[in-house]
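Survey of secondary and tertiary structure
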Amino acid sequence: MKKREFIVQDLLSKIYQEEFKNGKLPNQRDLAKIYGVSRFTIQQAVKNLEEIGIVRVVQGSGIFVHEEWVNNPLIFNSLTRTPYDRIDSKMIDLKKAPATLEEQKIFQIDAEEEIWTFERIRIVNYKIEQLEISKLPVSMFPNFSQEAVEHSIQNYVENQGYRISHYITSYDPITTNKEQSRLLLCKRGTPAMQITNRAILEDGQVYEYSSIIAIDYSVTYIRPFDREIHRSRID
């Protein structure tokens, strides 16, 4: 594990256990001494924490923990920890067609309704890292377009007057096939993660179903230990 990654995880653990008085971290000079690394390494670690929304850096005042985070589980991955200005999307295809039986079940729509299907690549720090195929109901998003595909789907959805509630995500390790490898510019059989998402609105409606093939993917989970659930599993 790289020194920066170790520091990020160690600081996350300490933050979660509320080890820092008044929610303020030591300054960067002190952190460098504590971990025996350069100021630059500390700056990069703090930047990572800032990018995933755990801390805020106030110039001249210090590094502060976002209080609302401490009591909640945290999941972040190699994409969500990257600032939006270093992520680009390029559309490969966009089409609409009558909903299949499976799509009718996913979105709880009638047989005569149509579904948008788009395919895009995600470019992170100038490198292609993800291939995504997503579906949305045409009835909910009649003006869906390439512009939406190549920008933020979340922003587009909320700008249409909807309120996003949560995501249900599953992960499966795979190796890339010939077509996936061609689009991701990697060797056939490259290890990758297949990430399946159901995106859900506050009223319970599924508004997007996506399948993402990601290479160079990593994910970190931090969650509280629930004694009651632990005991119930033992019993």
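Just so we're clear, the structure is a prediction, and the values are computed from it rather than from any experiment. (Residues numbered from 1 in each chain as written. Predicted model: local features only at pLDDT ≥ 70, side-chain atom pairs only at ≥ 80, totals over all residues. Heavy atoms only, no water.)

1. Some words on the side chain of Glu-132
- With respect to the helices, strands and loops of the structure, Glu-132 is situated in strand β7 (residues 127-137).
- Owing to a relative accessible area of 3%, Glu-132 belongs among the buried residues under this scheme.
- Reaching out from Glu-132, the side chain makes a polar contact with the side chain of Arg-120 at a distance of 2.8 Å.
- Here Ser-134 takes part through its side chain, which lies 2.5 Å from a polar atom of the side chain of Glu-132. (Helix = DSSP H or I, 4+ residues; strand = E, 2+ residues; numbered from the N terminus. Buried < 20%, exposed > 50% of the residue type's maximum accessible area, 1.4 Å probe, protein only. Polar contact = N/O pair within 3.5 Å; in protein donor to acceptor, adjacent residues only side chain to side chain.)

2. A closer look at the sheet that holds strand β9 (residues 191-201)
- What the 6 strands build is an open sheet, ordered β5-β6-β7-β10-β9-β8; its pairing is antiparallel. Looking at strand neighbours, the two that pair on one side only are β5 (87-98) and β8 (164-175), the edges of this open sheet. Taking each pair of neighbouring strands and ignoring which way they run, the sheet shows an average axis angle of 15°.
- Inspection of the sheet shows β9 paired to strand β10 (residues 206-214) by 8 bridges, in the antiparallel sense. Directly across from Thr-196, in β10, lies its bridge partner Ser-211. (Pairing = 2+ DSSP bridges. Axes fitted to C-alpha atoms, helices over the stretch in contact; angles between N-to-C directions.)

3. Some words on the packing of helix α1 (residues 3-16) against helix α3 (residues 39-51)
- Where α1 contacts α3, the axes come no closer than 9 Å and their chain directions differ by 55°. Accordingly, the angle class assigned to the pair α1 and α3 is oblique. Considering how the two elements wind past one another, α1 and α3 form a crossing that is right-handed. Residues Arg-4, Ile-7, Val-8, Leu-11 and Leu-12 of α1 form the contact with α3, whose participating residues are Thr-41, Ile-42, Gln-44, Ala-45, Asn-48 and Leu-49.
- Within the contact of α1 with α3, the residues separate by chemical class into 7 nonpolar, 3 polar and 1 charged. (Parallel < 35°, antiparallel > 145°, perpendicular 65-115°, else oblique. Left-handed = near helix turned anticlockwise from the far one by under 90°. Contact = heavy atoms within 4.5 Å. Nonpolar A, V, L, I, M, F, W, Y, C, P; charged D, E, K, R; others polar.)

4. Considering the pairing of β7
- The element β7 is extensively covered by neighbouring structure, given that 8 of its 11 residues are classed as buried.
- Connecting strand β6 (residues 114-124) to the next strand, β7, in antiparallel fashion are 2 residues, including Asn-125 with a positive phi near 50°.
- Note that β7 and β10 share 6 bridges and pair antiparallel. Within β10, the position partnered with Ile-133 by the bridge is Ser-211.

5. Quick notes on the sheet that holds strand β3 (residues 62-65)
- The strand order across the open sheet formed by 3 strands is β1-β3-β2, and the pairing between neighbours is antiparallel. The sheet is open, and its two edges are formed by β1 (24-25) and β2 (55-58), each paired on a single side.
- Where β1 meets β3, 2 bridges bridge the pair, whose relative direction is antiparallel. Bridge pairing links Leu-25 to Ile-63 in β3.

6. As for the packing of aromatic side chains
- Scanning the model with the defined rule gives 7 aromatic pairs in all.
- Each ring, one from Phe-6 and one from Tyr-35, has its centre 6.5 Å from the other, and the planes form 80°; the classification is edge-to-face. Of the two residues, Phe-6 is situated in helix α1 and Tyr-35 in helix α2 (residues 28-35); the sequence distance between them amounts to 29 residues.
- Among the aromatic residues, those joined into a ring-pair cluster are Trp-116, Phe-118, Phe-141, Phe-144, Tyr-156, Tyr-162 and Tyr-207. (Phe/Tyr/Trp six-rings, centres within 6.5 Å; stacked < 30°, edge-to-face > 60°.)

7. Examining α1
- Helix length check: α1 (14 residues) gives 20 Å between terminal C-alpha atoms against 20 Å at 1.5 Å per residue, within 8%.
- Taken together, the buried positions of α1 are Ile-7, Val-8, Asp-10, Leu-11, Leu-12, Ile-15 and Tyr-16.
- Glu-18 occupies a position one or two residues after α1 and carries a positive phi of about 55°. (Expected span 1.5 Å × (residues − 1).)

8. Side note on the nonpolar core
- One finds Leu-11, Leu-25 and Ile-42 to be the most contacted residues of the largest nonpolar core, which totals 20 residues.
- Put simply, the parts of the chain that give this core at least two residues each are α1, α2, α3 and β3.
- Looking at which element gives the most residues to this core, the answer is α1, with 5 residues.
- Of all hydrophobic cores here, the second largest spans 17 residues; its members include Met-91, Leu-136, Ile-164 and Tyr-207. (Core = buried A, V, L, I, M, F, W, Y, C linked by side-chain atoms within 4.5 Å.)

9. Re unusual backbone geometry
- Positive phi, normally seen in glycine, also occurs at Gln-108, with a value near 55°.
- Considering the arrangement of structural elements, one finds Gln-108 in the loop between α4 (101-107) and β6.
- Judged by relative accessible area, Gln-108 falls into the exposed class, the value being 66%.
- For Tyr-126, which is not a glycine, the phi torsion comes out positive at approximately 70°.
- With respect to the helices, strands and loops of the structure, Tyr-126 is situated in the loop between β6 and β7.

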